[in-house]
There are 4 protein chains.
Amino acid sequence: MFIKIDLQSEIPIYTQLQNRIIEGIVSGDLKAGEPLPSVRTMASDLGVNMHTVNKAYNFLKQDGFIQIHRQKGVVINPDGMPEVTSEYLGKFKQEIRPIIAEALCRGMKEEDFSTFCQEVFNNLQEKRG
Amino acid sequence: MFIKIDLQSEIPIYTQLQNRIIEGIVSGDLKAGEPLPSVRTMASDLGVNMHTVNKAYNFLKQDGFIQIHRQKGVVINPDGMPEVTSEYLGKFKQEIRPIIAEALCRGMKEEDFSTFCQEVFNNLQEKRG
Amino acid sequence: MFIKIDLQSEIPIYTQLQNRIIEGIVSGDLKAGEPLPSVRTMASDLGVNMHTVNKAYNFLKQDGFIQIHRQKGVVINPDGMPEVTSEYLGKFKQEIRPIIAEALCRGMKEEDFSTFCQEVFNNLQEKRG
Amino acid sequence: MFIKIDLQSEIPIYTQLQNRIIEGIVSGDLKAGEPLPSVRTMASDLGVNMHTVNKAYNFLKQDGFIQIHRQKGVVINPDGMPEVTSEYLGKFKQEIRPIIAEALCRGMKEEDFSTFCQEVFNNLQEKRG
DNA sequence: GTGGTCTAGACCACT
DNA sequence: GTGGTCTAGACCACG
């Protein structure tokens, strides 16, 4: 599991890290119950601040993607992933709305939108097969 | 055309304003060539600072959604909207990727994803008739 | 002599008008002693404000490109064009310096710079032949 | 690297600052990867407002001359300078055209034009040797 | 300590 | 009256 962070991106590093871990779970690289590097290790691997990794881990824990045990360390939630709650669905639509709006504004057809999303879907799951 | 901004949101006001204007174009509320309120008027309407509106307008101008005439004011680009360029497509996929990743992670089916997007599509275009 | 103004440009209209007139002189479209449309006529031709045309004419007069007579109207200076004074040369270098700096920074070779300038020279004088 | 701004000039301060920085890169005073003072430091050095410096930095970032790292600060683009794109070339010719037009109008010979440009070239690169 | 965002209020160029 | 520029001063997210 290689994690690559773009230090020049406008996206906060901790957000990038969260995304990479979620993508790792989706791709199958990270399986339920599997351990994640400690905050310290991850930070030194990525060359970022410990606080940054800590923040990412805490958000992921809060959403139920991982568990943090004082002794055992950090593991992908062995009880399974969080569900599609109505709360999440609200966030989902709020996030995707401006993206769809701009796409429509630029004349992207709904079919093309589906095609592009399909590509992303496949790309994320490609290692799963 | 009523524009509503959430001053408490963590999303920058100028970003919200950009999104609202793009949504206005998509819904048909704002038509090509139509004028937008001056920075000062819009600012006072929204209860925010002039510079915040200015920033939103300048980003929209940069992307080709609006034109800013030195003394005549601001209008929706009468020459039509920007296209789906390869550059835009890159941004599009980068933005939608983490959203799809989390959706997959939470077990959302691709069909459900399409359905939810469909809802957003319809919601954005509903006034178009 | 057709004059085309870009109302959406960031360059002030009066500056554009000055430039177009100077280009007209260079190309031979406007000859020494030849009359220019009155402020009123020019303004209505271009669809701009009288004050704007007035401003352009006054600057051109100040630099010695045109003469403004109360009765006879506006004419290209029949006594010839202003010279390359040391004052002008200072302005010239100040204006061209940042252009050359950016060109150098982007790796433009001095030969290429000359070639591009040559093109502009020819383009400006092409009607002269 | 001393940067001098003319607060009385009609050229916006942020534009002057952009030009000075580009000239610094050309002269070799500022090398790829080298850090630039923080917006606040630069602002206090120049005796101008933080936002003015910020605007200059953002334009330079947009054009690819510098990189802005969220918390690490500002550096000259270590990946090299932007190229001579066709878009840039358009801007270049548009900017240089009125300068050449006036020079021609005043009777400057093309050879003299070359000589004067040569001087500016040498002046900009003099520290490079 | 860094840049990002926002405010309040000012003057200027342009039309 | 419009946008463009600038100031002074504030709070926040990030690392």
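Refer to the structure above for everything that follows.
From a predicted model like this one, the values you see are computed outputs, not experimental measurements.

Rules used in this analysis
Residues numbered from 1 in each chain as written. Chains lettered and ligands numbered in written order. Predicted model: local features only at pLDDT ≥ 70, side-chain atom pairs only at ≥ 80, totals over all residues. Heavy atoms only, no water. Pairing = 2+ DSSP bridges. Helix = DSSP H or I, 4+ residues; strand = E, 2+ residues; numbered from the N terminus. Contact = heavy atoms within 4.5 Å. Buried area = accessible area lost by both parts, 1.4 Å probe. Salt bridge = Lys/Arg side-chain N within 4 Å of Asp/Glu carboxyl O. Polar contact = N/O pair within 3.5 Å; in protein donor to acceptor, adjacent residues only side chain to side chain. Near = heavy atom within 4 Å. Nonpolar A, V, L, I, M, F, W, Y, C, P; charged D, E, K, R; others polar. Axes fitted to C-alpha atoms, helices over the stretch in contact; angles between N-to-C directions.

(A) Highlighting the pairing of strand β2 (residues 66-69) of chain A. Residues and elements named next belong to chain A. By the bridge criterion, 4 bridges tie β2 to strand β3 (residues 73-76) in an arrangement that is antiparallel. Note that in β3 the partner of Q67 across the bridge is V75. Connecting β2 to the antiparallel partner β3 that follows it, the hairpin turn spans 3 residues.

(B) Quick peek at the interface of chain A and chain B. The interface is formed by 42 residues belonging to chain A together with 42 residues belonging to chain B. For the pair chain A and chain B, the summed buried surface comes to about 4,500 Å²; carbon and sulfur atoms form 69% of the total. Inspection of the chain A/chain B interface yields 6 salt bridges. Two residues, E23 of chain A and R97 of chain B, come together in a salt bridge whose shortest N-O distance is 3.2 Å. At the surface where chain A touches chain B, the tally comes to 14 residue pairs in polar contact (both at pLDDT 80 or more).

(C) Region of the structure containing the protein's contact with DNA strand F. Around DNA strand F sit 28 residues, and of these H51 of chain B together with I13, Y14, N49 and H51 of chain D come closest. Of all atoms in DNA strand F that approach within 4 Å of the protein, 69% are sugar or phosphate atoms. Within the contact set of DNA strand F, a phosphate oxygen lies 3.1 Å away from a side-chain nitrogen or oxygen of Y14 of chain A. One of the side-chain N or O atoms of N49 of chain D is found 2.6 Å from a base nitrogen in DNA strand F. Where the surface near DNA strand F is concerned, the elements lending two or more residues are α1 (13-27) and α3 (50-63) of chain A, α2 (39-46), α3 (50-63) and β3 (73-76) of chain B together with α1 (13-27) and α3 (50-63) of chain D. Counting residues per element, the surface near DNA strand F draws most heavily on α3 of chain D, at 4 residues. In the surface near DNA strand F, the residues fall into 12 nonpolar, 11 polar and 5 charged.

(D) Just the protein's contact with DNA strand E, in detail. Among the 28 residues in the neighbourhood of DNA strand E, the closest are listed as I13, Y14 and H51 of chain B together with H51 and Q71 of chain D. The protein-proximal atoms of DNA strand E, defined as those within 4 Å of the protein, are 68% sugar or phosphate. Within the backbone of I13 of chain B, an N or O atom sits 2.4 Å from a phosphate oxygen of DNA strand E. Of all the secondary structure elements, the ones that give two or more residues to the surface near DNA strand E are α1 (13-27) and α3 of chain B, α1 (13-27) and α3 (50-63) of chain C together with α2 (39-46), α3 and β3 (73-76) of chain D. At 4 residues, the largest contribution of residues to the surface near DNA strand E is made by α3 of chain B.

(E) Molecular detail of the sheet that holds strand β3 (residues 73-76) of chain C. Residue and element names in this part refer to chain C. The 3 strands lie next to each other as β1-β3-β2, forming an open sheet whose pairing is antiparallel. The open sheet has two edge strands with one neighbour each: β1 (35-36) and β2 (66-69). α3 contacts β1, β2 and β3 of the sheet and is inclined by roughly 115° relative to β2.

None of the figures reported here should be taken as evidence of function without further support.
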